[in-house]
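# Survey of secondary and tertiary structure
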Amino acid sequence: REGNLWEQFWADHGVQSQEVAYLKGLGEPATLERMEDICATPRLRVLGAVVDKVDRIMHGMELGLAGMHNQVRQWVNEGFFGALLDVLLTKGFAVFITADHGNVESVGCGSPKEGLTAEVRGERVRIYSDDVLRTAVASRFPKAIAWKPVGLPSDFLPLIAPERSAFIQPGTRTVAHGGVTLEELVVPFVRVVGEQD
């Protein structure tokens, strides 16, 4: 629903739907042509472009944070991101870069064997709809954080892996998100300016 929500946000701010576009799944050289085609739309004023390549790299990472950094560096050197910025700046867009979350390298502390009782079974956080179930799992992970649902629905009960650990096989490394470290919570918001700005 992200595309619809993006369009609705701008409609609420007086921008017509023909002036708004949303693209996701960007990051490969072949997707740059899609960007160029959309940017050529005469009435386009607002564009949301989701470059999810780094997220895909992170979710497939088996070599820890150093491996992720190497893969991201290699991807940047391939030139997609620079070419994307060139297209946007040449078309006169004000360009802002942000992210939906950060990530950390974590080490496995064990995987809860809760069957289907967890609504979400992430590596850094598990979500339960019943406090009795969450408490039972938390008893096996005494350093885990049973987050109080302040600002969340009463049946949305997170259990967050402790410190820089993950709910995976003990000793196994992963790069993941969903916890409460600074790296996972603080995201960039950067304005990119061209030479003429």
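Above this text you will find the structure in question.
A brief report on the enclosed structure follows. (Residues numbered from 1 in each chain as written. Predicted model: local features only at pLDDT ≥ 70, side-chain atom pairs only at ≥ 80, totals over all residues. Heavy atoms only, no water.)

## Some details on the overall build of the protein
This is how the line gets drawn: Working definition: helices are DSSP H or I runs of at least four residues, strands are E runs of at least two. Numbering for both runs from the N terminus. Three exposure classes are used, based on accessible area relative to the maximum for each residue type with a 1.4 Å probe and protein chains only: buried under 20%, partly exposed in between, and exposed over 50%. Counted as positive: Lys and Arg. Counted as negative: Asp and Glu. His and the chain ends are not counted at all. Every charge is mapped to an atom, namely NZ of Lys, CZ of Arg, CG of Asp or CD of Glu.
When helices and strands are tallied, the protein shows seven helices and eleven strands. Considered along the principal axes of its C-alpha atoms, the protein spans approximately 60 × 40 × 30 Å. Per-residue burial over the protein gives 36% buried out of 197 residues. Here the protein contributes 20 positive and 26 negative side-chain charges, whose respective centroids are spaced 5 Å apart.

## Some details on the packing of helix H2 (residues 31-39) against helix H5 (residues 80-90)
Angle between the axes and distance between the axes: these two values describe a pair of packed helices. How we decide: Note on definitions: angles span 0 to 180 degrees between N-to-C directions of axes, and those axes are lines fitted to C-alpha atoms, for helices only across the stretch in contact. Any angle that is under 35 degrees is reported as roughly parallel, and any over 145 degrees as roughly antiparallel; angles of 65 to 115 degrees are reported as roughly perpendicular and all others as oblique. By the convention used here, residues are in contact when the closest approach between their heavy atoms is within 4.5 Å. Side-chain classes are defined by residue name, with Ala, Val, Leu, Ile, Met, Phe, Trp, Tyr, Cys and Pro counting as nonpolar, Asp, Glu, Lys and Arg as charged, and the others, Gly among them, as polar.
Contact geometry of H2 with H5 gives a least axis separation of 10 Å together with a crossing angle of 5°. With respect to H5, the element H2 is oriented roughly parallel. For the pair H2 and H5, the contacting residues are Thr31, Leu32, Met35, Glu36 and Cys39 in the first and Phe80, Ala83, Leu84, Val87 and Leu88 in the second. For the contact of H2 with H5, the residue count by class is eight nonpolar, one polar and one charged.

## Details of a nonpolar patch on the surface
Convention followed: Surface patches are defined over residues having more than 30% relative accessible area and no salt bridge, joining like charges when they lie within 9 Å and nonpolar side chains (Val, Leu, Ile, Met, Phe, Trp, Tyr) when within 5 Å. In this description, accessible areas are obtained by the Shrake-Rupley approach with a 1.4 Å probe, and a residue is regarded as covered only by the protein chains that are shown. Here, a salt bridge means any Lys or Arg side-chain nitrogen found within 4 Å of an Asp or Glu carboxyl oxygen.
A cluster of nonpolar side chains, Ile145, Trp147, Leu152, Phe156, Val180, Leu182, Leu185 and Val186, forms an exposed patch at the surface whose accessible area comes to about 700 Å². Locating leucine 185 in the fold gives a position in helix H7 (residues 182-185).

## A look at the environment of tryptophan 6
Stated precisely, the cut-off is as follows: Polar contact criterion, stated in full: a pair of N or O atoms within 3.5 Å, where within protein one must be able to donate a hydrogen and the other to accept it, and residues adjacent in sequence count only if both atoms are side-chain atoms.
With respect to the helices and strands, tryptophan 6 occurs in helix H1 (residues 2-12). Accessibility expressed as a relative area gives 26% for tryptophan 6, which makes it partly exposed. In sequence terms tryptophan 6 and tyrosine 22 are 16 residues apart; their C-alpha atoms lie 7.3 Å from each other. Those residues in contact with tryptophan 6, other than ones at most four positions away along the chain, are Val20, Ala21, Tyr22, Val46, Leu47 and Gly48. Separated by 3.1 Å, the side chain of tryptophan 6 and the backbone oxygen of alanine 21 make a polar contact.

## Looking at the nonpolar core
Going by this rule: Grouping buried Ala, Val, Leu, Ile, Met, Phe, Trp, Tyr and Cys residues that are joined through side-chain atoms within 4.5 Å yields what is termed a nonpolar core.
One finds Met35, Cys39, Leu47, Met68, Leu88, Phe93 and Val95 to be the most contacted residues of the largest nonpolar core, which totals 24 residues. Among the secondary structure elements, those contributing two or more residues to this core are strand S1 (20-26), H2, helix H3 (53-59), helix H4 (64-77) and H5. The leading source of residues in this core is H5, at six residues. Those residues in contact with leucine 47 that lie beyond four places of it in its chain are Trp6, Ala21, Tyr22, Met35, Ile38, Cys39, Leu88 and Phe93.

## Quick look at the sheet that holds strand S10 (residues 173-176)
Which entries qualify depends on this criterion: Two strands make a pair as long as DSSP finds a minimum of two bridges between them.
The strand order across the open sheet built from three strands is S9-S4-S10, with neighbouring strands paired in mixed fashion. Edge positions in the sheet fall to strand S9 (165-166) and S10, since each of these pairs with one other strand and no more. Along the sheet face, H4 touches strand S4 (104-108) and S10 and points at about 50° away from the line of S10.

## Observations concerning the packing of aromatic side chains
How we decide: Aromatic pairing here means that ring centres of Phe, Tyr or Trp (its six-membered ring) are within 6.5 Å. Orientation follows from the plane angle: under 30 degrees is stacked, over 60 is edge-to-face, and everything else is tilted.
Overall, the coordinates contain six aromatic pairs when judged by the stated rule. Look at phenylalanine 141 and phenylalanine 167: their rings are 5.3 Å apart centre to centre, the planes differ by 80°, and that puts the pair in the edge-to-face class. Linking phenylalanine 141 in the loop between helix H6 (131-138) and strand S7 (145-146) with phenylalanine 167 in the loop between S9 and S10, this pair joins segments that are 26 residues apart in sequence. We note that phenylalanine 141, like phenylalanine 167, is buried. Members of the aromatic cluster, connected to one another through ring pairs, are Trp6, Phe9 and Trp10.

## Brief notes about H2
Rule in force here: The directions considered for the arc are those from the helix axis to the C-beta atoms.
Listing the buried residues of H2 in full gives Thr31, Leu32, Met35 and Cys39. Seen from one end, H2 has its buried residues packed into an arc of 110°, which puts them on one side. Structural note: H2 exposes Glu33 and Asp37 on the side pointing more than 90 degrees away from its buried face. Looking at the buried residues of H2, the elements they touch are S1, strand S2 (46-51) and H5.

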